[in-house]
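Next come the chains, spelled out residue by residue.
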Amino acid sequence: EQLAGLPETIERFAPGQVLWSGSPLGSYSARRLQEKLGQYHIPIHTAATGQTLDLGDGASLQLLAVDSHGAVLLVEWGNFRVLLPVGLGFESMEALQSAPQAPVTALLLSHSGYAPLNPAEWIAHWQPQIILLSVAAGDREGRPQPETLQAIQNYPVLRTDQHGWVRLSTDGNQMWIETQNNSQFHTR
């Protein structure tokens, strides 16, 4: 479902190359995206655990884990670190939870707050300053689940079902957060 809109987007915003994680043939949307990338001759590179991409100006994107579900990404720039477990699976979660990691500035919850992939121990391991939760209003799966809400009750949380879109910006030292409903936050 995360890939469904990308084939049409490529026509307007063609990337120079693609870093692919997860199964390239795992769904109709993935196959369709692969076909569209091929039509436009856009190179596809297979993502691998441990890869680091230089984003310029000292910023980097690290692939902490890659498996059949996708990837767990860490963006770092100066004192800013955001963990994006967009393709988190149970095997990756266990491996990363046992690895030493410095605290993160922001943590995006996995799978719209699906409790088994957002346990309290996992969240505490990353020691986030703020938690981001991308979930649709009235999510038909009942997410975020009550166990997840319990696990995040002592953290500042921004939820797309309550705040609308969320824009997190940084200069590597400070962080600014804006939301659709005009909530604004600034941290050092």
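The structure displayed is predicted, hence computed values, not measured ones. (Residues numbered from 1 in each chain as written. Predicted model: local features only at pLDDT ≥ 70, side-chain atom pairs only at ≥ 80, totals over all residues. Heavy atoms only, no water.)

Chemist: Explain the overall build of the protein chain to me, and be specific about the residues and the numbers.
Modeler: Scanning the protein chain for helices and strands turns up 6 helices and 12 strands. The C-alpha atoms of the protein chain give a radius of gyration of 17 Å, which matches the 16 Å a tight globule of 188 residues would have. Oriented by its inertia axes, the alpha-carbon framework of the protein chain measures out at about 50 × 40 × 40 Å. Looking at the protein chain residue by residue over its 188 residues, the buried ones come to 38%. A fraction of 49% describes how many contacts in the protein chain between residues 6 or more apart in sequence connect residues 24 or more apart. Put simply, the protein chain shows about 10,500 Å² of open surface, and 50% of that area lies on carbon and sulfur atoms. Each charge class in the protein chain was averaged separately, 10 positive and 17 negative side chains, and the resulting centres sit 7 Å apart. (Helix = DSSP H or I, 4+ residues; strand = E, 2+ residues; numbered from the N terminus. Rg over C-alpha atoms; globule rule 2.2 N^0.38 Å. Buried < 20%, exposed > 50% of the residue type's maximum accessible area, 1.4 Å probe, protein only. Contact = heavy atoms within 4.5 Å. Areas by Shrake-Rupley, 256 points an atom, 1.4 Å probe, with all protein chains shown as cover. Lys, Arg positive; Asp, Glu negative; His and termini not counted. Charge placed at Lys NZ, Arg CZ, Asp CG, Glu CD.)

Chemist: Requested: an account of the environment of Leu-61, with residues and values cited.
Modeler: Along the chain, Leu-61 falls in strand E4 (residues 59–67). Along the backbone, Leu-61 and Leu-83 are 22 residues apart, and their C-alpha atoms lie at a distance of 9.9 Å.

Chemist: Describe the sheet that holds E4, and please don't skip the residues or the numbers.
Modeler: The strand order across the open sheet built from 7 strands is E3-E4-E5-E6-E7-E8-E9, with neighbouring strands paired in mixed fashion. Strands at the two margins of the open sheet, each flanked by one partner only, are strand E3 (52–56) and strand E9 (157–159). Shown here is a sheet whose adjacent strand axes are inclined to one another by a mean of 15 degrees, direction ignored. Strand direction decides the pairing type here: strand E7 (residues 106–108) and strand E8 (residues 130–133), joined by 3 bridges, are parallel. Paired with Leu-108 across the bridge in E8 is Leu-132. Of the strands in this sheet, E4 and strand E5 (70–77) are in contact with helix H3 (residues 90–98), which crosses E4 at around 125 degrees. (Pairing = 2+ DSSP bridges. Axes fitted to C-alpha atoms, helices over the stretch in contact; angles between N-to-C directions.)

Chemist: Give a description of the pairing of strand E11 (residues 175–179) that names residues and reports values.
Modeler: Residues of E11 alternate between two faces, with Met-175, Ile-177 and Thr-179 buried on one and Trp-176 and Glu-178 left unburied on the opposite face. Pairing geometry for strand E10 (residues 166–170) and E11, over 5 bridges, is antiparallel. Following the sheet pairing, Val-166 is matched in E11 by Thr-179. Hairpin connection of E10 to E11: 4 residues between the antiparallel strands, including Gly-172 at a positive phi of 95 degrees.

Chemist: Give a detailed account of the packing of aromatic side chains, specifying residues and quantitative values.
Modeler: As enumerated under the stated definition, the model contains 1 aromatic pair in all. When the centroid spacing of 5.4 Å and the interplanar angle of 75 degrees are considered together, the rings of Trp-122 and Trp-126 count as edge-to-face. Taken as a pair, Trp-122 and Trp-126 lie in helix H4 (residues 120–126) at a separation of 4 residues, close to a single helical turn. (Phe/Tyr/Trp six-rings, centres within 6.5 Å; stacked < 30°, edge-to-face > 60°.)

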